[in-house]
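Geometric and topological summary
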Amino acid sequence: MTTTPLKLSLDALDDLPDTVKRPSYQPELLVQGIVHMGVGGFHRAHQAYYTDALMNQGKALDWAICGAGLRSEDRKARDDLASQDYFFTLFELGDTDDTETRVIGSLRDMLLAEESPEALLEKLASPDIRIVSLTITEGGYCIDDSTGEFMAHLPLVQHDLANPTAPKTVFGFLCAALQRRRQAGIRPFTVMSCDNLPHNGQVARKALMAFATLAGDAYGEGLAQWIDAQVAFPNAMVDRITPMTSAAHRQQLLDKRGIDDAWPVVCEPFVQWVLEDNFCDGRPAWEDVGVQFTEDVTPYEEMKIKLLNGSHLALTYLGFLRGYRYVHETMNDPLFVQYIRDYMNLDVTPQLAPVPGIDLTDYKNTLIARFSNQAIADQLERVCSDGSSKFPKFTVPTLNELIRTGGDLDRAALVVAAWALYLRGVDENKVTYRIPDPRAEFCQGLVAQDEGLTQRLLGVVEIFGTQVPASRAFVEAFERQLQQLRTFGVEGALRALVTV
């Protein structure tokens, strides 16, 4: 370790300690071929990580990444990255000694829409850019979960429809840039979603096509038809637990590696990316660094979303109510571990189709180990966030199938009951907390009064659909588990459910 803190920058690369891996390529010679919208921890620990690994093999040097920030809060991220020449440290945290610390150089710039929309449009329209990738969160696609329709009424969407030359949304920028490319005779870029939702490529396509259709000829006659025929939208399954970077993480990196990084990314050692090989203007050879390409990502999506994300929700609200604040704390509790195993084995696994190349027993054991990772200190608050967007994607499909097949509903109903009590903002120790959800006020209103709670909560179609509230068996299971939590607390409710 260095004796004095080393501020991360291009000039500092050669002075990094031997325990830190660094780019073997010359970052200044890279050509940007990807624009990524939504630069955050996950993108940097996943897509940027894979691309950097490929560059370290002397490949994909024309596929460097330019970040794009569409929100005012992206300015700090840009400034932090720019202050260190866009390098950042990937700091793996695990309970074994095989973790690595690596400086990533595949991200070479970041443009802010509010600073210069024109600069971002010029970048998107450049023939060098052949992929535009997205991590804009589950709710960022503006698709109503209850109807499956694009939410054209949203103010920013309405702004872009009325002001096609001054966009503010992802879809406005994409349409404006694609129209420029079409006019100039430049091939379109691939739109590659890296968000954690089922059939993410199809969702991105649906949202962009809906926006382009609503815009009519505002961006150019026939643009929607051209996008429909020319633009590729590969589906992907993405996976890496990436907690929010905290001041403690920065200090830990400084203490252990001597690196002063304004915005490192911390993550678990595990990483996975299954991607449909559907690109309209080339792609990096990510398969050379472990990405699995497939013709159909569906079984991998179902496995990951129902087992990992569904199980995360199954433990997170219960854990928060119990007074825990980190995922590993819940997994230090044998009751939680057995409950999650039962949920995975009895409720979810029977719903899954065979997954090529995956042993589901091994996969589930790996999930237990990943959730139990003490070193990563993944915050329950992070997993709890945006529950109103996560439930329709990660839990309700499992509920619907259990209802359809006449399965045991109590374990899954406990997940929903725990969320209902969690929304009241007070845990079993009388500690209050905030609800990190864009719809927090609305959701808290649903559970504010005991009388009529079931009908109000389950009746929100955009969260629970129509099958859940129409099932008398599920309604009864939900009320039964809600009463268990109120009467016996989290521990009592779990003890009544787990197998011995």
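This one's a predicted model, so the numbers in the text were calculated from it and none came from an experiment.

Okay, the packing of aromatic side chains next. Think of a pair of aromatic rings as described by two things: how far the centres are apart, and how the planes are tilted against each other in angle. Tallied over the entire structure, the rule returns 15 aromatic pairs. Ring plane angle 55 degrees and centroid distance 6.0 Å describe the contact between Phe391 and Phe464, whose orientation is recorded as tilted. You can see Phe391 sitting in helix α15 (residues 387–394) and its partner Phe464 sitting in helix α20 (residues 461–464), a full 73 residues away along the chain. A relative accessible area of 0% places Phe391 in the buried class. A ring pair is formed by Tyr422 and Tyr433, whose centres lie 5.3 Å apart and whose planes are at 20 degrees; its orientation type is stacked. In this pair, Tyr422 is assigned in helix α17 (residues 410–422) and Tyr433 in the loop between α17 and α18 (440–447), connecting sequence segments 11 residues apart. Every member of this aromatic cluster is reached through a ring pair, and the members are Tyr317, Phe320, Phe391, Trp419, Tyr422, Tyr433 and Phe464. Note that Arg44 overlies the ring of Trp263, its terminal NZ or CZ placed 3.6 Å from the centroid. For Arg108, the ring lying beneath its charged end belongs to Phe87, and the centroid distance is 4.5 Å.

This part is about the sheet that holds strand β12 (residues 265–267). Within a beta sheet, neighbouring strands are joined by backbone hydrogen bonds and run either parallel or antiparallel to one another. With respect to topology, four strands assemble into an open sheet ordered β2-β6-β5-β12, the strand pairing being mixed. At either margin of the open sheet sits one strand with a lone partner, and together these are β2 (20–21) and β12. One ladder, built from three bridges, connects strand β5 (residues 88–92) with β12; its direction is parallel. Across the sheet, the residue bridging to Glu92 is Cys267, located in β12. Packing against the sheet, helix α2 (residues 47–55) makes contact with β5 and β6 (101–104), and its axis sits at approximately 85 degrees to β6. Seen against the sheet, helix α9 (residues 247–257) touches β2, β5, β6 and β12 and runs at an angle of roughly 85 degrees to β5.

Here we take up the UniProt feature "domain: Mannitol dehydrogenase C-terminal" (unreviewed entry) in the protein. In the UniProt entry, the feature "domain: Mannitol dehydrogenase C-terminal" (unreviewed entry) is given for residues 296–485. Along residues 296–485, the helical share is 68% and the strand share 0%, with 41 Å between the first and last C-alpha atoms.

Take the nonpolar core next. Of all hydrophobic cores here, the largest spans 94 residues; its most connected members are Tyr339, Trp419, Tyr422, Leu457, Phe464, Phe474 and Phe478. Ranked by residues supplied to this core, first place goes to helix α10 (residues 298–322) with 12 residues. Setting aside its immediate chain neighbours within four residues, Tyr422 contacts Tyr317, Phe320, Leu321, Cys384, Tyr433, Arg434, Ile435 and Pro436.

What follows deals with the environment of Ile305. Within the element layout of this structure, Ile305 appears in helix α10. Along the backbone, Ile305 and Glu268 are 37 residues apart, and their C-alpha atoms lie at a distance of 18 Å. Every residue in contact with Ile305, bar those within four places of it in the chain, is listed here: Asn196, Leu197, Pro198, Gly310, Lys393 and Phe394.

Looking now at the pattern of salt bridges. Applying the stated criterion to the full structure yields 33 salt bridges. With a closest N to O distance of 1.9 Å, Asp228 and Arg205 form a salt bridge. Of this pair, Asp228 sits in helix α8 (residues 223–230) while Arg205 is found in helix α7 (residues 200–215), placing the two residues 23 residues apart along the sequence. Given a relative accessible area of 40%, Asp228 falls into the partly exposed group. The exposure class of Arg205 is partly exposed, given its relative accessible area of 31%. Asp450 serves as the salt-bridge partner of Arg424, at 2.5 Å between the closest nitrogen and oxygen. Note that Arg424 is positioned in the loop between α17 and α18 and Asp450 in the loop between α18 and α19 (453–458), a separation of 26 residues in sequence. Residue classification places Asp450 among the partly exposed positions, given a relative accessible area of 48%. When salt bridges that share partners are traced, they join Arg75, Arg78, Asp79, Glu114 and Glu115 into one network.

All right, on to helix α16 (residues 396–405) then. Among the residues making up α16, those that are buried are Val396, Thr398, Leu399, Leu402 and Ile403. Buried residues of α16, viewed axially, fall in a sector of 155 degrees; they line one side. Note on α16: the residue one or two positions beyond its end, Gly406, has a positive phi of about 70 degrees.

With respect to topology, five strands assemble into an open sheet ordered β7-β4-β3-β8-β9, the strand pairing being parallel. What marks the edges here is a single partner per strand, and that holds for β7 (107–112) and β9 (190–193). Put simply, the sheet's adjacent strands are angled 25 degrees from each other on average, direction ignored. Where strand β8 (residues 131–134) lies against β9, four bridges are found, and the strand directions are parallel. When the bridges of β9 are listed, Val132 appears paired with Val191. Along the sheet, helix α3 (residues 74–82) contacts β4 (64–69) and β7; its crossing angle with β7, the most-contacted strand, is approximately 145 degrees.

Reading the values: rules and limits
Residues numbered from 1 in each chain as written. Predicted model: local features only at pLDDT ≥ 70, side-chain atom pairs only at ≥ 80, totals over all residues. Heavy atoms only, no water. Phe/Tyr/Trp six-rings, centres within 6.5 Å; stacked < 30°, edge-to-face > 60°. Helix = DSSP H or I, 4+ residues; strand = E, 2+ residues; numbered from the N terminus. Buried < 20%, exposed > 50% of the residue type's maximum accessible area, 1.4 Å probe, protein only. Lys NZ or Arg CZ within 6 Å of the ring centre and 35° of its normal. Pairing = 2+ DSSP bridges. Contact = heavy atoms within 4.5 Å. Axes fitted to C-alpha atoms, helices over the stretch in contact; angles between N-to-C directions. UniProt positions renumbered as here; feature names shortened; annotations may be inferred. Core = buried A, V, L, I, M, F, W, Y, C linked by side-chain atoms within 4.5 Å. Salt bridge = Lys/Arg side-chain N within 4 Å of Asp/Glu carboxyl O. Arc of directions from axis to C-beta.

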